[in-house]
Amino acid sequence: MVIYYGCRHCGKELGVLNHTEIDLSLRFLNLLEEQDISEMIVFEKDGDFRLEVICEHCQQVLEEHPDYHELDHFLQ
């Protein structure tokens, strides 16, 4: 199993964790609500999954333009 981290807004790949690094990284899932998990995690057919988070650039844009939170995709 592999976990791919990517930005939900711009699509930038942020990192990849292989099976030896996964145990520690999955501990945070217990802290999330079921709705958050369904919005953040995309399960792949091969058993891998992608965590859709936000990169620093997109976070900065959202802080500068809070009205962008209303949009599903604010980058074009």
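Residues numbered from 1 in each chain as written. Predicted model: local features only at pLDDT ≥ 70, side-chain atom pairs only at ≥ 80, totals over all residues. Heavy atoms only, no water.

Enquirer: I tried to follow the overall build of the protein chain on my own but got confused; where do I start?
Expert: Per the secondary structure count, the protein chain includes 3 helices and 4 strands. Helices and strands in the protein chain line up, N terminus first, as β-β-α-α-β-β-α. A total of 76 residues make up the protein chain; the buried ones form 28% of that total. For the protein chain, restricting intrachain contacts to residue pairs at least 6 apart in sequence, the fraction spanning at least 24 positions comes to 43%. When the accessible surface of the protein chain is split by element, carbon and sulfur atoms take 49% of a total near 5,800 Å². (Helix = DSSP H or I, 4+ residues; strand = E, 2+ residues; numbered from the N terminus. Buried < 20%, exposed > 50% of the residue type's maximum accessible area, 1.4 Å probe, protein only. Contact = heavy atoms within 4.5 Å. Areas by Shrake-Rupley, 256 points an atom, 1.4 Å probe, with all protein chains shown as cover.)

Enquirer: Honestly, the sheet that holds strand 1 (residues 3-7) in this entry has me stumped. Any pointers?
Expert: Strands in a sheet are paired, the pairing made by backbone hydrogen bonds, and the direction either parallel or antiparallel. Spatially, the 4 strands line up as an open sheet ordered 2-1-4-3, and their pairing is mixed. Both edges of this open sheet fall to strand 2 (13-17) and strand 3 (41-43), since each of them pairs with a single strand only. The mean inter-strand angle of the sheet, taken between neighbouring strand axes irrespective of direction, is 20°. Looking at chain direction, strand 3 and strand 4 (residues 49-53) are connected through 3 bridges and run antiparallel. Bridge pairing links F43 to F49 in strand 4. (Pairing = 2+ DSSP bridges. Axes fitted to C-alpha atoms, helices over the stretch in contact; angles between N-to-C directions.)

Enquirer: Got a minute to help me understand the pairing of strand 1 in this structure?
Expert: Working note: regular strand, side chains alternate between the two faces of the sheet. With 4 of 5 residues buried, strand 1 lies mostly within the body of the structure. As consecutive antiparallel partners, strand 1 and strand 2 are separated by 5 residues, and within that stretch G11 has a phi angle of approximately 85°, a positive value. Strand direction decides the pairing type here: strand 1 and strand 4, joined by 5 bridges, are parallel. Looking at strand 4, one finds that C7 is bridged to V53.

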